Protein chains: 2
Amino acid sequence: MKASDNQALKLGEVDFGILNELTGYWLRWAQLNTYKNIRCFFFDEFDITPGLFGVLEVVGCNPGLTQTAVAKAIGNDRSAMVAIVDKLEKRGLIERKPSETDRRSNALFLTSAGKVFRDRVAGRAWDHNEEFFSMLTAEEHQQFVGLLKRVALAGPSTEAKQ
Amino acid sequence: MKASDNQALKLGEVDFGILNELTGYWLRWAQLNTYKNIRCFFFDEFDITPGLFGVLEVVGCNPGLTQTAVAKAIGNDRSAMVAIVDKLEKRGLIERKPSETDRRSNALFLTSAGKVFRDRVAGRAWDHNEEFFSMLTAEEHQQFVGLLKRVALAGPSTEAKQ
DNA sequence: TACAATAGTTGCACACTTAAACAATTAGCG
DNA sequence: CGCTAATTGTTTAAGTGTGCAACTATTGTA
């Protein structure tokens, strides 16, 4: 831990005090650094945001899901889904079909173009994932994901996801 | 709800596809889960945000730093510092003093109340950190922080910090 | 002395998040 | 059956955080 303290301190000669010892602080930096990179990757190569791709992937894997169901799955409000589905629909990647069993809800499906697009993005996303985390060995990377999953699913938010 | 259950899969039964295999996805969930908890902790016990405490800690460890220097250290725009320092100043925790060597810049210092507050928060923050990450063993926690630091400091953002 | 650069500040645009409200529709219960 | 409560998609508003362009005062430099 002291070796990494030196590493952190050399960044601008500013003392971060206890922040250096708070896991949440480093988790935030790691997420920020990673997300910035991923966002650029998605934008440059596919002109899409990670959030939009997430919806595309969930709908692709679960055809017929309602907007509210997708919102719950990815963890945001159903009102936010309106703009998201609008964007994806406007790009011809997704389709709102009136549900056959409930006239209040829309069943979501990928269009054929959406399926092609998703497959293309998914393949590159996986490659990019391996590329970006190449600062870790394969074993470390695997350890990292394992730890992240446990942190992500700990506490009261666990119920929200499963 | 029974009608929609036919088509809409229950939450636990949603297939997240390739998202489950993307490290950035799990990193985001881990950060969201952690941050939500930390934010509540800071708010409930001290009526402050993690971001404000970060500035308080950096200024406390580096008395006399200018607003721009703090902004660079914590990684956001210097225009954002105005509102942050305003809030901390309004609460009597921080002080803007005109720099003696450069009349353009403000030197930042903790007030005596600010020092007491920071010490109190810092102590509890460390305890809370250990509490929250108790889903990991001490060894795993240490591993986790080590990996996070490497991910946080990898790539072009490293240069951006110094 | 002139010109470029910097610090703090303000304002704006954009995205994201929350919450509230509303119409249409469905579910639950007497 | 009929009434009430709940749910779906949607819109709107408020709050938040971020990035960018200006503006002033001041400093550094040629």
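The present account deals with the structure reproduced in this document. Here, residues in each chain are numbered from 1, in the same order as that chain's written sequence. Note on labels: chains are lettered from A, ligands numbered from 1, in written order. Two thresholds apply to this predicted model, a pLDDT of at least 70 for residue-level local features and 80 or more for giving and counting side-chain atom pairs, whereas whole-chain, interface and lining totals are computed over all residues. Only heavy atoms go into the side-chain values, all of them from the structure, while hydrogens and water stay out.

Moving on, we get to the relation of the copies chain A and chain B. Here the copies were fitted onto each other by least squares, based on C-alpha atoms from residues at pLDDT of at least 70 in both. The transform that puts chain A on chain B rotates by 180 degrees and translates by 0.0 Å along the axis, for an RMSD of 0.1 Å. Accordingly, the operation relating the two chain copies is best matched by a two-fold axis. Comparing contact sets, 83% of the residues at the interface of chain A also lie at the interface in chain B, consistent with an isologous, same-surface contact. When checking whether two residues touch, look at their non-hydrogen atoms; a contact exists if any pair is within 4.5 Å.

Turning our eyes to something else, we now look at helix α5 (residues 78–90) of chain B. Residue and element names in this part refer to chain B. Under the DSSP-based scheme used, a helix requires at least four consecutive residues in state H or I and a strand at least two consecutive residues in state E, with every element numbered from the N terminus. For a helix, the expected span equals 1.5 Å multiplied by the number of residues minus one. Taking 1.5 Å of rise per residue, the 13 residues of α5 would be expected to cover 18 Å, and the 19 Å separating its terminal C-alpha atoms lies within 8% of that figure. The cut-offs for exposure are 20% and 50% of the maximum accessible area for each residue type, with area from a 1.4 Å probe on protein chains only; residues under the lower value are buried, those over the upper are exposed, and the others partly exposed. Listed in full, the buried residues belonging to α5 are Met81, Ile84, Val85 and Leu88. Taken down its axis, α5 places every buried residue within 100 degrees of arc, on the same side. Those residues of α5 that are exposed and angled more than 90 degrees off the buried face are Ser79, Lys87 and Lys90. Structurally, α5 contributes buried residues whose contacts are with α3 (50–61), α4 (67–74), β1 (94–98) and β2 (106–110). Immediately downstream of α5, the backbone of Gly92 shows phi near 75 degrees, a positive value. Read the arc as the range of directions from the helix axis to the C-beta atoms.

Right, let's talk about the interface of chain A and chain B for a bit. At the interface, 71 residues of chain A touch 63 residues of chain B. Note on terms: buried area is the combined drop in 1.4 Å-probe accessible area of two parts once they are placed together, counting the loss on both. Buried area between chain A and chain B, summed over both chains or domains, comes out near 6500 Å², and the portion from carbon and sulfur atoms is 70%. Just to be clear on terms, a salt bridge is a Lys or Arg side-chain nitrogen sitting within 4 Å of an Asp or Glu carboxyl oxygen. Joining chain A to chain B, the criterion identifies two salt bridges. Each polar contact in these results corresponds to two N or O atoms within 3.5 Å; when the atoms are within protein, one needs to be able to donate a hydrogen and the other to accept it, and residues that are neighboring in sequence are counted only if both atoms are side-chain atoms. On the surface where chain A and chain B come into contact, there are 18 residue pairs in polar contact (both at pLDDT 80 or more). Residue assignment for the side of chain A that touches chain B shows that the elements contributing at least two residues are α1 (2–9), α2 (23–46), α3 (50–61), α4 (67–74), α6 (112–132), α7 (138–153) and α8 (157–161) of chain A. A class-by-class count of the residues in the side of chain A that touches chain B yields 36 nonpolar, 22 polar and 13 charged. Polarity classes work like this: nonpolar for Ala, Val, Leu, Ile, Met, Phe, Trp, Tyr, Cys and Pro, charged for Asp, Glu, Lys and Arg, and polar for all others, with Gly in that last group.

Right, let's get into unusual backbone geometry. Even without being a glycine, Asp47 of chain A presents a positive backbone phi close to 50 degrees. Following the sequence through the fold, Asp47 of chain A ends up in the loop between α2 and α3.

Moving on to the protein's contact with DNA strand C. Being near a molecule or strand, for a residue, comes down to having at least one heavy atom within 4 Å of it. Around DNA strand C, 17 residues are found, and the nearest of them are Arg103 of chain A together with Gln67, Thr68, Arg104 and Ser105 of chain B. For DNA strand C, the backbone makes up 67% of the atoms found within 4 Å of the protein, where backbone means sugar plus phosphate. Here a base oxygen of DNA strand C and a side-chain polar atom of Arg78 of chain B are 3.0 Å apart. Contact between DNA strand C and Arg104 of chain B: a base oxygen at 2.6 Å from a side-chain N or O atom of the residue. Contributions of two or more residues to the surface near DNA strand C are made by α4 and α5 of chain B. Sort the elements by how many residues they give to the surface near DNA strand C and α5 of chain B lands first, with three residues.

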